Amino acid sequence: MEFSNINIIDVLPGMFLVTASLVATLSIAIKRNHKLIFGVTTISLLGVFLFLIFYATNHKFNVEPLFIIDGFGTFITGLLVMSSLAVSLLSYAYFEQREERKEEYYILLLLATLGSAMLVISKHFVSLFLGLEILSISLYSMVAYLRKRPRSDEAGLKYLILAAFSSAFLLFGMALVYATTGSMDFGGIAAYLSGINKLPLSMLAGFGLMVVGIGFKLGVVPFHMWTPDVYEGAPAPVTAFIATISKGGMIVLIVRFFEQIDGFKYPALVLTFTVISIASMFVGNFLAIRQDNVKRVLAYSSIAHMGYVLVAFIAGGELGTEAVSFYLVAYFLTNIGAFGVISILSDHDRDAERIEDYKGLFWRHPKIATVFTAMLLSLAGIPLTSGFVGKFYLIASGVNSGTWLLVVMLALNSVIGLYYYIKIIATMFDKAEGSETLALRPRLYLINLITLVVLSMLMIFYGIYPQGLIDRIREFLQ
Amino acid sequence: MILLLFIVILMVAGVVAWIVAEKTASIARWISLIALAVNLALVIYLWSTQPTEENAPQWIARYVVPWIPSFGISFSLAMDGLSLLMLLLTFFLGIFAVLISWNEIQERVGFYHFNLLWVLAGITGVFLTMDLFLFYFFWEVMLIPMYFLIGIWGHENRRYAAYKFFIFTQASGLLMLLAILGLFFIHGGQTGTFTFDYFQLLDTEMSVDTARWLMLGFLAAFIVKLPVVPFHTWLPDAHSQAPTAGSLILAGLLLKTGAYGLIRFVLPLFPSAAIEIAPWAMLFGVIGILYGASLAFSQTDLKRLVAYTSVSHMGFVILGVFAFNEIAMQGVVMQMITHGISTGALFILAGVLYERIHTRDITQMGGFWKKVPFMGTIGLVFVLASLGLPGLGNFVAEFLTLIGTWPVSPMLTILATIGVVFATAYSLRIMQKVFLGETSSDKFLPDLSLREKFILIPLVAAIIWLGLFPQTVINTVRQVVADPFTTEQIISSDIEKEDGVQ
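Quick caveat: nothing in here was measured; it's all calculated off a predicted structure.

## Description of the overall build of chain B
When you go through chain B residue by residue, the secondary structure sums to 21 helices and two strands. For 502 residues, the compact-globule formula gives about 23 Å, and the C-alpha radius of gyration of chain B, at 22 Å, lands near that figure. Taken along its principal axes, the extent of the C-alpha atoms in chain B is 75 × 55 × 45 Å. Relative to its 502 residues, chain B shows a buried fraction of 65%. At a minimum sequence separation of 6, the contacts of chain B that also span at least 24 residues come to 81%. In the structure as shown, chain B presents an accessible area of about 17000 Å², 67% of it carried by carbon and sulfur atoms. Distance between charge centres in chain B, computed from 24 positive and 30 negative side chains, equals 15 Å.

## Quick look at the overall build of chain A
Within chain A, the secondary structure is distributed over 19 helices and two strands. Here the C-alpha radius of gyration of chain A, 21 Å, is about what a compact globule of 478 residues would show, namely 23 Å. Seen through its C-alpha atoms, chain A measures out along the principal axes to roughly 70 × 55 × 40 Å. In chain A, which comprises 478 residues, the proportion classed as buried is 64%. In chain A, the share of contacts with a sequence separation of at least 24, taken over all contacts with a separation of at least 6, comes to 80%. When the accessible area of chain A is evaluated, it comes to approximately 17000 Å², of which 68% is carbon and sulfur surface. Separation of charge centres in chain A, based on 33 positive and 31 negative side chains, amounts to 5 Å.

## Concerning the interface of chain B and chain A
On the side of chain A, 39 residues touch chain B, which itself brings 33 residues to the contact. A combined buried area of about 3200 Å² lies between chain B and chain A, and 81% of that area is made up of carbon and sulfur atoms. For the pair chain B and chain A, the interface holds zero salt bridges. Here chain B is connected to chain A by two residue pairs in polar contact (both at pLDDT 80 or more). When contributions to the side of chain B that touches chain A are tallied by element, the ones reaching two or more residues are strand S1 (59–68), helix H4 (109–128), helix H5 (132–141), helix H6 (143–153) and helix H7 (158–191) of chain B. The element best represented in the side of chain B that touches chain A is H7(B), accounting for twelve residues. Residues of the side of chain B that touches chain A, tallied by class, amount to 26 nonpolar, three polar and four charged.

## So, the pattern of salt bridges
Residues and elements named next belong to chain A. Applying the stated criterion to the full structure yields 27 salt bridges over all chains. One salt bridge in this structure joins Arg32 and Glu103, with 2.7 Å as the shortest N-O distance. Of this pair, Arg32 sits in the loop between helix H1 (12–30) and helix H2 (34–54) while Glu103 is found in helix H4 (residues 103–121), placing the two residues 71 residues apart along the sequence. Among the residues examined, Arg32 registers a relative accessible area of 30% and is labelled partly exposed. For Glu103, a relative accessible area of 7% gives the class buried. Residues joined by salt bridges that share partners form a network here, namely Arg98, Arg149, Arg151, Glu154, Lys158, Asp229, Glu232, Lys295, Arg296, Asp351 and Glu353.

## Describing the nonpolar core
Here is a general trend for soluble globular proteins: nonpolar side chains tend to be buried in one another's company. With 378 residues, the main nonpolar core has Phe218(B) and Phe322(B) as its most contacted residues. If near-sequence neighbours (up to four positions away) are discounted, Phe322(B) is found in contact with Leu219(B), Leu262(B), Leu267(B), Ala274(B), Ile277(B), Ala278(B), Ala281(B) and Met282(B). Leu17(A), Val48(A), Leu85(A) and Leu114(A) belong to the second largest nonpolar core, which has nine residues in total.

## Examining the packing of helix H14 (residues 326–357) of chain B against helix H17 (residues 393–405) of chain B
To characterise two packed helices, one gives the angle between the axes of the helices and the distance between these axes. Residues and elements named next belong to chain B. Close contact between H14 and H17 brings their axes to 7 Å; oriented N to C, the two are set at 155°. Our classification of the angle between H14 and H17 gives roughly antiparallel. The chirality of how H14 crosses H17 is left-handed. Residues Ile327, Ala328, Gln330, Gly331, Val332, Met334, Gln335, Thr338 and Ser342 of H14 pack against Gly393, Asn394, Val396, Ala397, Glu398, Leu400, Thr401, Ile403, Gly404 and Thr405 of H17. In terms of residue class, the contact of H14 with H17 is made up of eight nonpolar, ten polar and one charged.

## A few points about the packing of aromatic side chains
The full count for this structure, using the stated rule, is 80 aromatic pairs over all chains. With a centroid separation of 4.9 Å and an interplanar angle of 35°, the aromatic rings of Tyr419(A) and Tyr163(B) are classed as tilted. Residue Tyr419(A) is located in helix H17 (residues 404–429), and its partner Tyr163(B) is located in helix H7; the two belong to separate chains. Residue Tyr419(A) is classed as partly exposed on the basis of its relative accessible area, which comes to 29%. Between Phe461(A) and Tyr465(A), the ring centres sit 5.8 Å apart and the planes meet at 50°, which makes this aromatic pair tilted. Classification of Tyr465(A) by relative accessible area gives partly exposed; the value is 38%. The aromatic ring of Trp102(B) is capped on one face by Arg29(B), whose charged end is 5.9 Å from the ring centroid.

## Observations regarding H6(B)
Burial runs high along H6(B): eleven of the eleven residues are buried. Of all the positions in H6(B), only Leu143(B), Ile144(B), Pro145(B), Met146(B), Tyr147(B), Phe148(B), Leu149(B), Ile150(B), Gly151(B), Ile152(B) and Trp153(B) are classed as buried.

## Topic: the environment of Val220(A)
Residue and element names in this part refer to chain A. Inspection of the secondary structure puts Val220 in the loop between helix H8 (201–218) and helix H9 (226–233). We classify Val220 as buried; its relative accessible area is 2%. Taking the C-alpha atoms as reference, Val220 lies 6.8 Å from Ile276; in sequence the two are 56 residues apart. Setting aside residues no more than four positions away along its own chain, Val220 makes contact with Gly215, Ile276, Ser280, Met306 and Leu310.

## Some thoughts on unusual backbone geometry
The amide bond that connects Leu226(B) to the next residue, Pro227(B), takes the cis arrangement and shows omega of -10°. Structurally, Pro227(B) can be placed in the loop between helix H9 (208–225) and helix H10 (234–241). The omega torsion of the bond from Val229(B) to Pro230(B) falls at 10°, within 30 degrees of zero and hence cis. Residue position: Pro230(B) is located in the loop between H9 and H10. The residue Asp262(A) is not glycine, and still its phi comes out positive at about 50°.

## Thoughts on the environment of Pro13(A)
All names here are of chain A. Along the chain, Pro13 turns up in helix H1. Looking at Pro13, the relative accessible area reads 15%, which means it is buried. Separated by 64 residues in the primary sequence, Pro13 and Thr77 place their C-alpha atoms 9.1 Å from one another. Excluding anything up to four places from it in sequence, Pro13 contacts Val48, Phe51 and Leu52.

## With respect to the confidence of the model for chain A
Mean pLDDT over chain A stands at 89; residues scoring 70 or higher make up 96%. At the low end of the mean pLDDT range in chain A sits strand S1 (residues 61–63) of chain A, at 78; at the high end sits helix H12 (residues 294–315) of chain A, at 94.

## Looking at a nonpolar patch on the surface
There is a patch of nonpolar side chains on the surface, built from Trp280(B), Leu283(B), Phe284(B), Ile287(B) and Tyr291(B) and spanning about 460 Å² of accessible area. Structurally, Ile287(B) is set in helix H12 (residues 271–297).

Criteria and cut-off values
- Residues numbered from 1 in each chain as written.
- Chains lettered and ligands numbered in written order.
- Predicted model: local features only at pLDDT ≥ 70, side-chain atom pairs only at ≥ 80, totals over all residues.
- Heavy atoms only, no water.
- Helix = DSSP H or I, 4+ residues; strand = E, 2+ residues; numbered from the N terminus.
- Rg over C-alpha atoms; globule rule 2.2 N^0.38 Å.
- Buried < 20%, exposed > 50% of the residue type's maximum accessible area, 1.4 Å probe, protein only.
- Contact = heavy atoms within 4.5 Å.
- Areas by Shrake-Rupley, 256 points an atom, 1.4 Å probe, with all protein chains shown as cover.
- Lys, Arg positive; Asp, Glu negative; His and termini not counted.
- Charge placed at Lys NZ, Arg CZ, Asp CG, Glu CD.
- Buried area = accessible area lost by both parts, 1.4 Å probe.
- Salt bridge = Lys/Arg side-chain N within 4 Å of Asp/Glu carboxyl O.
- Polar contact = N/O pair within 3.5 Å; in protein donor to acceptor, adjacent residues only side chain to side chain.
- Nonpolar A, V, L, I, M, F, W, Y, C, P; charged D, E, K, R; others polar.
- Core = buried A, V, L, I, M, F, W, Y, C linked by side-chain atoms within 4.5 Å.
- Axes fitted to C-alpha atoms, helices over the stretch in contact; angles between N-to-C directions.
- Parallel < 35°, antiparallel > 145°, perpendicular 65-115°, else oblique.
- Left-handed = near helix turned anticlockwise from the far one by under 90°.
- Phe/Tyr/Trp six-rings, centres within 6.5 Å; stacked < 30°, edge-to-face > 60°.
- Lys NZ or Arg CZ within 6 Å of the ring centre and 35° of its normal.
- pLDDT = per-residue confidence, 0-100.
- Patch = residues over 30% accessible without salt bridge, like charges linked within 9 Å, V, L, I, M, F, W, Y side chains within 5 Å.

Here it is in structure tokens:
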């Protein structure tokens, strides 16, 4: 292994995140200051993003044997970092209202972002697993961060046990693949596979076990059981993080892995993902209808949305990758926006998760309600929002590759999905009666409002004028 | 440019109305009114400049800018005679929708007018766009505001009605989106140009099977909107629960987008598949006519009754569209306009009555003629229009449609004519139950106010004018209905099919 010829500037984003978390740790040792840590976090995330824009855009290279830094990776890393920035902006006000020690949260946030960013650029099982574990371990503590809330603890524990369990599956799957191919490098596995016609049983078993680990992280059916509980128990900004950044990294990884080993030529694998995709759509949407907790609704809806993304993943090809990239941008914007609304409305007793909390919101906080309506419409895929263009992209990639079954299922599920999104919207437009005494009394921070407004502006901008983003994506993917 | 203006004026006015209404509500009403009046003036101006000679170009105005070039999507608008008439109807009824809400809507006035104007903007877009992606886009844009109009300002069962409306139209719309995408990729695969442009997609060649599936996708969206029995169940709920202006727009305009879609997209894009399905479509049209009429007769809720008459009247539209000849098509266009006016007016009357007596139940009405003779007279005009009395617009429409369908299928034409007899029954029942008969209560009932007269008298004038001088309308759309549906083209597509068989 040759590490000597790596230019330090090339791996700067990762270094930057590590350094930032170290600086944050040290500064806590000296003096606790929420504002300072928050500042360090946002500045470092912004710094990484600017670096990616100005320097890394046209740099493509490998860090043998672990990382591949290409346009796709850079684009998604930028997306992850910006999303992390948005989450940390939303977190500030959220944690400011709570008694717990706030500062360590940002260290975890930075590390989790680092883990996810590592997944995006991995081309080796080792870096994959390291990235995944950095992400997961940070998330365990983030989920359980509000220690005084029993449900937060419960969610953390649940996540810990199940994630560890699924990691074991993943690890065993990797071991089987390694035992067969003798390689842990994606390229090496691809080279081995191109020499044989049929998947040997051990490989199939290995891939199958890996699917369990991957499926858990994505929260797709039948590995979705943790999603609603964890979404519900975790603090709202952390839920935003889990819904977006932690899933996004994994999607990119499987897209990369599949492209490299050309997984589309194995009917067993394609069938597996097809079944997972369809099951996720239906289970997610049907269970979402039955919820009256907004966080749980969004949890089930995210299960369905992962099913949608898999449509483009299965379609594959250039258009498929483009569609995944675009959809991730739209999905990130929308979900962070939606959970942002939840976190902005939460007060220090509990999160604004009950459907009654939203009753008449439109007449109490018209701006927040408008943002939430826009986000929900985007999740439902209604025109003028980027969610619509994203869904259109997915359907287009599916139609292009002729996977009609999946496309029709996607369309059908969009309709089912509408039902519960509209239910929330309708609740917000209802007249609020009585129950004023039970209402949450959140303190509204300007920084939150600005973040939400920016997110919704972007969300609508990409819905009306997606060409700019499409061009960017194509430029990166070349 | 002027085409873009139609949409922009409405959208901007909607936003402005929303913002200013926070201070003074009545300004929002005036802004909406002025925006629609300006649009109406613009359409009339375009109409007056439309060349009338035989060989004039079909397209009166055109506006194209690229929107998402990487998908071949452009912001492409075009107007021909059909779009022009539809826009005329849109803005004409739009003005009355604002006026009729003047006193009825007192809550959240700004947001109401925002929704009202955006629904109209969506409809305007649907009638103008020549890009299939944009078409789907506008198709959806008109949906959300309508959902809010029903869901927030509707009557007691509004949430259920709004849900049902939304989910029916959205589900069918998504099927259309799939079909649009299918067409897009087939055309792209054949020619190498991936585009959503209507005029280019017209030349797409498809196998019989593909064409059939894709057409069904389009058809799904349009027959739900129209609506054709058995996809009509959203309509009575939505119409009866919506506020008066909502019912007016639903009946007067939204249903017409379905008919417009059939004429603009289904027939030209899939001529041979359309011919194949025509007998079935016509059959369902006739079923709709009879079924709608008989249900209308048995309703006691005035708005529900009028809603079912819409189902019946729209049966004529699908009957005429699939007869494939110019006379029937002229009848269809006429029906779209006259139904918009007459049914819209009946909904306005129902709303006016509701404002006064707070019920829509016709068993609690009766003998109103003595108290409100002016309203009664106007009611009589529209009831007569609805039953197809000669001299009023609806007669011309139904007559032309029936003449056109006779050579195609005498049997169905006879059945449809029986539907007209049914119409007489349910229409006269409205008159009997509401205005004639026993006086139901001694409560004071004021006659139409000046504002209400200002709404209804132009509608009366329009329906009489259409009945007496239908030629103007016929001339305006002649090229549209004659061009894509000339017998020549249909015969040639028949020949192609036979060639394929050989």
